[in-house]
Amino acid sequence: MNFEGLNPSLAEFAPPLHPALEPVLDPHLNPNLVELDPEGVSLEGLPVPESVHLMEGMYSELHTAVSEVGVPVAASHFDLHEEMLWVGNHGGHATSFFGPTLERYSSFQVNSSDDIRQIQSLENGVLFLTKTNLKYMSRGGLIIFDYLMDESEDMHSLLLTDNNTLLVAGLQNHVLEMDLNTVQETQKYTVEVPGITIMRQSNRFFFCGHTSGKVSLRDLRTFTAEHEFDAHSGSLSDFDVHGNLLVTCGFSSRMNGLACDRFLKVYDLRMMRATTPLQVHIDPFFLRFIPTYTSRLAIISQTGQCQFCEPTGLANPADIFHVNTVGPLIMTFDVSASKQALAFGDSEGCVHLWADSPEVTFNAYSRETDFALPCMVDTLPHLDWNQDLVPLSLIPVPLTSDALLSDWPAANSAPAPRRAPPVDPEILRTMKKVGFIGYAPNPRTKLRNQIPYRLKEMDNEFDNFSQVPESPIGREEEPHLYRVAKKYRKVTIKYSKLGLEDFDFKHYNKTLFAGLEPHIPNAYCNCMIQVGTALNPTQSSLWVAEWCWAGRWKLLGDVLLLLHPQGSNFLRAFRTIPEASALGLILADSDEATGKVNLGRLIQSWNRFILTQLHQETQEQEGPQAYRGAGGSSFGSSGDSVIGQLFSCEMENCSMCRCGKETVRVSSTLLFTLSYPDSTEKPAKDYEFAQILKRSICLEQNTQAWCENCEKYQPTVQTRNIRCLPDVLVINCEVNSSKEADFWKTQAEYSFQKAMMKRGGFDITKGKEISLGDWKDLGSPDTGHSYPSVEELKNIWIPHAIKMRLTKSKELDVSNWSETEELGPTDDPESVYIYDLMATVVHILDSRTGGSLVGHIKVGETYHQRKEGVTHQQWYLFNDFLIEPVDKCEAVQFDMSWKVPAILYYARRNLNAKYNLVIKNPIEASVLLAEASLARKQRKCHATFIPLMLNEMPQAGDLVGLDAEFVTLNEEEAELRSDGTKSTIKPSQMSVARITCVRGQGPNEGVPFIDDYISTQEQVVDYLTQYSGIKPGDLDAKISSKHLTTLKSTYLKLRFLIDVGVKFVGHGLQKDFRVINLMVPKDQVIDTVYLFHIPRKRMISLRFLAWYFLDLKIQGETHDSIEDARTALQLYRKYLELSPQGGEPEEFRKVLKGLYEKGRKLDWKVPEPDSQSSPKHGAVFPPVLAL
């Protein structure tokens, strides 16, 4: 606030104005409590006497505390996050008080000379504004940052517009916008009327109060002036905004001086005009709205009078109160966020707290305040320097973030692995050779399996690290011998005897995303599957594929909610496409393992093929009505496919023969391939990525083509121009040789030098060609500013955002853009697009593992809001099942020696808002009704189930018994180690062959309504008849007598049941759903293997549980899924009987103990029928309805 000219007595604080304070400050203060002394001030608050009664709803004085005697308070502020009151004075000192008792919490110097003009609390600290300085400090007084402005600035006010953006204004003719994350000035807005001393904000405007007495209303985005009120002719003192009302107080010019207006100016923001002024009975200097029950105004005079009134009513003299100030003048005033407390600071350094109740809180929900713990350091022991054996660890060392001298840099050291010790000569002398193996008696001169550790001088040529590491993730390796970063290396699964059950996936993935397993065939495209499911419009739109193979992409997107799924369904359908095999996209296992295939080129071909295939298949489907977007945009509403609307753009191809014949044809493309200039020029030129992209889109080339005019092949000039811009820009980088790799490396070096020059304050003339050799003479960066580190600037060429503009003459303009920049006011949103980088797919060159493909994906606010409840964007690295967040610069850093870019995805900014996708489940209840079998010999007499009727449709919470049987497609691959143990290299690949669902309630309880045998086109190597009951021929449509269906049909049924919300009851359902590859919420799964289980004990088979609890002998010769599903339902009913809700858990625990004791006695084998009967006699449930 600008005090100059308002009261002459404030210009200088002379000692006569502040005589030594007497012990009795006021008749209301107890003179026996405390004596204020300039030399030693009591830090305790001055409480109000017990005779003062605080009435509920009425503000009364609660406490008084001293900040610094004799130094006027300049700013006061209630903390918005903790129960604290902050006070800053004219000496640049800040003090905080805790709670309604005003206990001193912290006190520190903010500025050595200037007064503190405004205080603003944030989550991690407090902002202090002085004349030319903005300082961010922790609540304990530690400096987080100190931003020094120009000496000509005279700042008076600040306004926090969001969590990271701040506006700072003062007596100059501009307002600064600052980013609190980078501590940099992002914008400078010029204002027409200088002297902004007060700023407020509503949901419609910024309100700026000027020293000239005017209040301007400014746009929230552009800060341009929308309206202006000429409130007072002299100067503005204070104003506040609430709802549709703006109220001001100030001074008028009278007789060459300033006189306080006793009229408050009231403005209606709906009609943007003044209403009836409000006359008050005091000289208003501060005012605030206190909207508790009504929109009350608190009006404060500089002499300490306080009046409450309604802004649209009449002021009542009876509503005037008086603040018992120590000094003669009130200097500051603030209201807490809860509106329960008022704070006044006076000219003698005291702060007065008024409250409407004794148990006042400053905020509705305050977090707990951290208090300093008492020092509890033990006495340090005496160190005798004369003793050589005194450990250096006893010397106390302060915590520091600087590098220690013991952190020897890797550049100054050389790897020196230990050489194996020489073999004992006695062993060599007595050794006898049998073939190439030598045998010798142990001379017992050394400990068994142990050697002494000695440091020896090693030859530099010696290196035994050329072998493949024990772990693919590189846990056992020396980092300086492996150039590929650990998280980018190819990951493989170490299998145990339990398969995947005990593999620690969480070690590699601590996010909420799901990885993909790499052991299935053609898993090289895992990264592209993850990219496709991460792009919201792509993922949502594929429901329209109606369960063609493209529809399984969307199904995989749902399955990715699992912790460790596999893309087997999608890849199995992918392998059946003849075009994919013809293009060489189907790999043999040996090709992928040995690294003979160029994965970078392969994934780009796969990307082109997959977009084309999805485009063709979705084009044949009629888009569902669930997709509607803003402005009438809808997926599938036109003849174009949903993929075409996202990725496609029309291209105009023009062929010009030298005879003058011109041929123009229009085509569409779904992606672009980068075309690089001829790199024979020395030195190489500097190109921006936008230049290369424009060159690749608007391609011009000379080629031989048929000319109808000349009637022969002629040299023609072919040019390509774009006619519309796509929503998603897909770019194949085409870095397939050292020529392209060198081009990327050179351009990255240019970009790095530009960034370093920008740090050093140099300017680069746009369009000026500079050779790489000319950079060496330029200066080093200035380290005084907060810029990205040097490592973060290396190997970067592509921008995080690009701007593309299509002129009226259909000419394309492409330029690099910033993530934070928006379109200018003159840019047409229909013809100017800003694209943000959403994903990058890179080829990792690693000779040890054959290389791999990984993806960087920028996950937007939609996912984080849904999963974590926060709104932010974050880049993640997806390396099969290894997923971790990375910095955004890492997504665009390409070290061409091992990390080569393959595919870039740029998406139009605010793309999700454009389409506003809402997914509607297209699966209907009719999928559960009767359907024809694929088997030719299947008749009704062979039917093993009764389909559901319309009145039997399941509802949420209904029980459904489920069991599944599987067959083996590929046998397990294992090797025998030298110690005799078996190591699994690749697990067996299972496929679901039969799924059975039985009714869990109703008159037909236990009767199956689904008993589908799944037809498969792949070769089955083992039907596992003993465990599955599936016989050869059951899955063959020509000879099978079973109800044979497709995997698609059964998936539809199960997905419908999952979406309805039924509860599945079965035995070992976790493993079943994993092999089926379906995600089922945990609250919809009742697994009997866990119901009858004691922690840290073995799992019990369904056969033994059925014999023990139900007296049933099941699974005699083979398994039958109908029998197993019924049994699981009966076991669940038995569990409810033994462990009723609210019953004694001890009783059920005794039953389980008896079960385990019986199992151990029988070795968990069901006895023969004549040998021993079950502990239970008779059926627990009545027999189910027979078919």
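Residues numbered from 1 in each chain as written. Predicted model: local features only at pLDDT ≥ 70, side-chain atom pairs only at ≥ 80, totals over all residues. Heavy atoms only, no water.

The chain is annotated in an unreviewed UniProt entry as PAN2-PAN3 deadenylation complex catalytic subunit PAN2 from Zosterops lateralis melanops. Entered under Catalytic activity (unreviewed entry) in the UniProt record, the comment concerning the chain runs "Exonucleolytic cleavage of poly(A) to 5'-AMP." Per UniProt, the chain carries the Subunit (unreviewed entry) text "Forms a heterotrimer with an asymmetric homodimer of the regulatory subunit PAN3 to form the poly(A)-nuclease (PAN) deadenylation complex." (UniProt positions renumbered as here; feature names shortened; annotations may be inferred.)

Caption draft 1: Inspection of the sheet that holds strand S10 (residues 143–148) at higher detail. Overall, antiparallel pairing links the four strands, which are arranged S7-S8-S9-S10 in an open sheet. Bordering the open sheet on either side are strand S7 (118–121) and S10, each of which pairs with just one other strand. Between one strand and the next, the sheet's axes are offset by a mean angle of 15°, whatever the strand orientation. Taken together, the four bridges between strand S8 (residues 126–129) and strand S9 (residues 133–137) define a ladder with antiparallel strand orientation. Looking at the pairing, Val126 lines up with Met137 of S9. (Pairing = 2+ DSSP bridges. Helix = DSSP H or I, 4+ residues; strand = E, 2+ residues; numbered from the N terminus. Axes fitted to C-alpha atoms, helices over the stretch in contact; angles between N-to-C directions.)

Caption draft 2: Region of interest: the sheet that holds strand S34 (residues 649–657). Pairing within the open sheet is antiparallel, and its four strands lie in the order S35-S34-S38-S37. Of all the strands in the sheet, the pair left with one neighbour each is strand S35 (662–669) and strand S37 (700–707). Pairs of neighbouring strands in the sheet enclose a mean axial angle of 35°, with direction left out of account. Bridge count between S34 and strand S38 (residues 712–722): seven bridges; the pairing is antiparallel. From the neighbouring strand, Cys654 faces S38, where its bridge partner is Thr719.

Caption draft 3: Examining the packing of helix H20 (residues 1102–1110) against helix H21 (residues 1121–1138) more closely. Where H20 contacts H21, the axes come no closer than 10 Å and their chain directions differ by 50°. Of the possible angle classes, the one that applies to H20 and H21 is oblique. The element H20 and its partner H21 pack so that their crossing is left-handed. Residues Leu1102, Leu1105, Ala1106, Phe1109 and Leu1110 of H20 pack against Asp1124, Thr1127, Ala1128, Gln1130, Leu1131, Lys1134 and Leu1138 of H21. When the residues that make up the contact of H20 with H21 are grouped by side-chain class, the tally is eight nonpolar, two polar and two charged. (Parallel < 35°, antiparallel > 145°, perpendicular 65-115°, else oblique. Left-handed = near helix turned anticlockwise from the far one by under 90°. Contact = heavy atoms within 4.5 Å. Nonpolar A, V, L, I, M, F, W, Y, C, P; charged D, E, K, R; others polar.)

Caption draft 4: View of the UniProt feature "binding site: a divalent metal cation" (unreviewed entry) in the chain. Here the UniProt-annotated "binding site: a divalent metal cation" (unreviewed entry) positions come out as Asp963, Glu965, Asp1072 and Asp1124. In sequence the annotated residues extend across 162 residues, while in space they remain close, none of their C-alpha pairs exceeding 13.0 Å. Note that Glu965 resides in strand S47 (residues 959–970). A residue is classified by how much of its surface remains accessible, and Glu965, at 5% relative accessible area, is buried. If we ignore the near neighbours within four places in the chain, the residues touching Glu965 are Ser991, Val992, Ala993, Arg994, Tyr1027, Ser1028, Ile1030, His1119, Asp1120, Ser1121 and Asp1124. (Buried < 20%, exposed > 50% of the residue type's maximum accessible area, 1.4 Å probe, protein only.)

Caption draft 5: Layout of unusual backbone geometry. Phi at Met272 is positive, roughly 55°, even though this residue is not glycine. Examined against the element boundaries, Met272 turns out to sit in the loop between strand S22 (263–268) and strand S23 (273–274). Of the residues examined, Met272 reaches a relative accessible area of 19% and is grouped as buried. For Glu734, which is not a glycine, the phi torsion comes out positive at approximately 55°. Along the chain, the position of Glu734 falls in the loop between strand S39 (728–732) and helix H11 (738–759).

Caption draft 6: Quick look at the pairing of S35. Across eight bridges, S34 lies against S35 in antiparallel orientation. Note that in S35 the partner of Glu652 across the bridge is Val666. What sits between the antiparallel neighbours S34 and S35 is a turn of four residues, in which Gly660 has the positive phi angle 100°.

Caption draft 7: View of the nonpolar core. Formed by 54 residues in total, the largest nonpolar core has its most connected members in Phe689, Trp744, Ile798 and Tyr906. Aside from chain neighbours lying at most four places away, what touches Ile798 is Phe689, Trp744, Leu837, Thr840, Val892, Phe894, Leu904 and Tyr906. Judged by nonpolar contacts, the second largest core, of 47 residues, contains Phe570, Phe609, Val730 and Val859. (Core = buried A, V, L, I, M, F, W, Y, C linked by side-chain atoms within 4.5 Å.)

Caption draft 8: Structural view of the pattern of salt bridges. Going through the model one piece at a time under the given rule, you end up with 34 salt bridges. Across the pair Glu82 and Arg139 runs a salt bridge, and its minimum N-O distance is 3.9 Å. Taken as a pair, Glu82 in the loop between strand S3 (73–78) and strand S4 (84–89) and Arg139 in the loop between S9 and S10 lie far apart in primary sequence, 57 residues in all. Look at Glu82 and you get buried, because its relative accessible area is 6%. Note that Lys214 and Glu228 form a salt bridge whose closest N and O atoms lie 3.6 Å from each other. Pair noted here: Lys214 is in strand S17 (residues 214–219) and Glu228 is in strand S18 (residues 225–230), with a separation of 14 residues, a long-range link. (Salt bridge = Lys/Arg side-chain N within 4 Å of Asp/Glu carboxyl O.)

Caption draft 9: The arrangement of the packing of aromatic side chains in detail. Tallying each qualifying case throughout the model produces 40 aromatic pairs. Geometrically, the ring pair formed by Phe98 and Phe371 is edge-to-face, given 5.0 Å between the ring centres and 85° between the ring planes. Of the two residues, Phe98 sits in strand S5 (residues 93–98) while Phe371 sits in the loop between strand S31 (350–355) and helix H1 (425–430), which places them 273 residues apart along the sequence. The exposure class assigned to Phe98 is partly exposed, which follows from its relative accessible area of 22%. The rings of Phe1092, Phe1104, Trp1107, Tyr1108, Phe1109, Tyr1132, Tyr1135, Phe1148, Tyr1156 and Trp1164 are connected pair by pair, giving a single aromatic cluster. Positioned over the ring face of Phe239 is Arg200, at 5.6 Å from the centre of the ring. The aromatic ring of Tyr833 is capped on one face by Arg908, whose charged end is 3.6 Å from the ring centroid. (Phe/Tyr/Trp six-rings, centres within 6.5 Å; stacked < 30°, edge-to-face > 60°. Lys NZ or Arg CZ within 6 Å of the ring centre and 35° of its normal.)

Caption draft 10: Main features of the side chain of Ser157. Locating Ser157 in the fold gives a position in strand S11 (residues 155–160). The class for Ser157 is buried, based on a relative accessible area of 1%.

Caption draft 11: The arrangement of the environment of Asn721 in detail. Relative to the assigned elements, Asn721 resides in strand S38. Owing to a relative accessible area of 32%, Asn721 belongs among the partly exposed residues under this scheme. Taking C-alpha positions, Asn721 is 8.0 Å from Leu812, a pair spaced 91 residues apart along the chain. Not counting residues within four places of it along the chain, the set of residues in contact with Asn721 comprises Glu650, Met651, Glu652 and Cys698.

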